[in-house]
Amino acid sequence: MKHFLLSLSFFSISAFAGQNWMYCKVDGEIINLLSANGYECSGALIAGTACFTGDMARTVGYLNSSSCHTLFDGTDGEYIKNATGNNHGSVSYTTVDEANNVFGKASMERCDNKFFMK
């Protein structure tokens, strides 16, 4: 049993370490998009005020995944699509507001140290 728990702990830590982290600020609070309350970052994704750390390709993969699209459940048809990495180290994507038939462009920059300061 002890070995099983040790193996399970190692697997959990490895999975955690392999994640990209994408963040936004809501009312001054830093929120991780991959956390239980990540849906609170949907507005920041549309506005282009979220940021990321880690591997850009994984960030692009997540933003194009169905997991990311669940962040927009409960909105009136807002979502993002077609995320791509660019040469400047940021991620660009298309924003969609179906209710108002509006499409736009936004980007996600790498988080800088200032972002994490209060």
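For the structure, check the block above.
My aim in this report is to walk through the structure given alongside it, one point at a time. (Residues numbered from 1 in each chain as written. Predicted model: local features only at pLDDT ≥ 70, side-chain atom pairs only at ≥ 80, totals over all residues. Heavy atoms only, no water.)

**Quick look at the packing of aromatic side chains**
Then, in step 1: Tallying each qualifying case throughout the model produces two aromatic pairs.
Then, in step 2: With a centroid separation of 5.2 Å and 85° between ring planes, the pair formed by Tyr23 and Phe116 is classed as edge-to-face. Of the two residues, Tyr23 is situated in strand β1 (residues 21-26) and Phe116 in helix α5 (residues 113-116); the sequence distance between them amounts to 93 residues.
Then, in step 3: Taking the relative accessible area as the measure of exposure, Tyr23 reaches 16% and is therefore buried.
Then, in step 4: With 5.2 Å between their ring centres and 90° between their planes, Phe115 and Phe116 make a pair best called edge-to-face.
Then, in step 5: An aromatic cluster is defined as three or more aromatic residues linked by ring pairs; in this entry it consists of Tyr23, Phe115 and Phe116.
Then, in step 6: In this structure, Lys25 is placed above the aromatic ring of Phe115, and the distance from its NZ or CZ to the ring centre is 5.0 Å. (Phe/Tyr/Trp six-rings, centres within 6.5 Å; stacked < 30°, edge-to-face > 60°. Helix = DSSP H or I, 4+ residues; strand = E, 2+ residues; numbered from the N terminus. Buried < 20%, exposed > 50% of the residue type's maximum accessible area, 1.4 Å probe, protein only. Lys NZ or Arg CZ within 6 Å of the ring centre and 35° of its normal.)

**Description of the side chain of Asp97**
Then, in step 1: Looking at the secondary structure, you find Asp97 in strand β5 (residues 91-97).
Then, in step 2: Here Asp97 occupies a buried position and makes no salt bridge, while the nearest side chain of opposite charge, Lys81, is found at 13 Å.
Then, in step 3: Engagement of the side chain of Asp97 in a polar contact is seen with the side chain of Asn100, the distance being 2.8 Å.
Then, in step 4: Beyond its immediate chain neighbours, meaning those up to four positions away, Asp97 contacts Asp76, Gly77, Glu78 and Val102. (Lys, Arg positive; Asp, Glu negative; His and termini not counted. Salt bridge = Lys/Arg side-chain N within 4 Å of Asp/Glu carboxyl O. Polar contact = N/O pair within 3.5 Å; in protein donor to acceptor, adjacent residues only side chain to side chain. Contact = heavy atoms within 4.5 Å.)

**A few points about the environment of Gly74**
Then, in step 1: Take Gly74: it is sitting in the loop between α4 (66-69) and β4 (78-85).
Then, in step 2: When the C-alpha atoms of Gly74 and Tyr39 are compared, they prove to be 9.4 Å apart, with 35 residues separating the residues in sequence.

**Quick look at the sheet that holds β1**
Then, in step 1: The sheet built from six strands is open, its strands ordered β2-β1-β3-β6-β5-β4 with mixed pairing. This sheet does not close on itself; its edge strands, each paired only once, are β2 (29-32) and β4. On average, adjacent strands in this sheet sit at an angle of 30° to one another, irrespective of strand direction.
Then, in step 2: Strand direction decides the pairing type here: β1 and β2, joined by four bridges, are antiparallel. Its bridge partner being in β2, Val26 is matched across the sheet by Glu29.
Then, in step 3: In this fold helix α3 (residues 56-63) packs onto β1, β3 (51-53), β4, β5 and β6 (102-110), with an angle of close to 150° to the strand it touches most, β4. (Pairing = 2+ DSSP bridges. Axes fitted to C-alpha atoms, helices over the stretch in contact; angles between N-to-C directions.)

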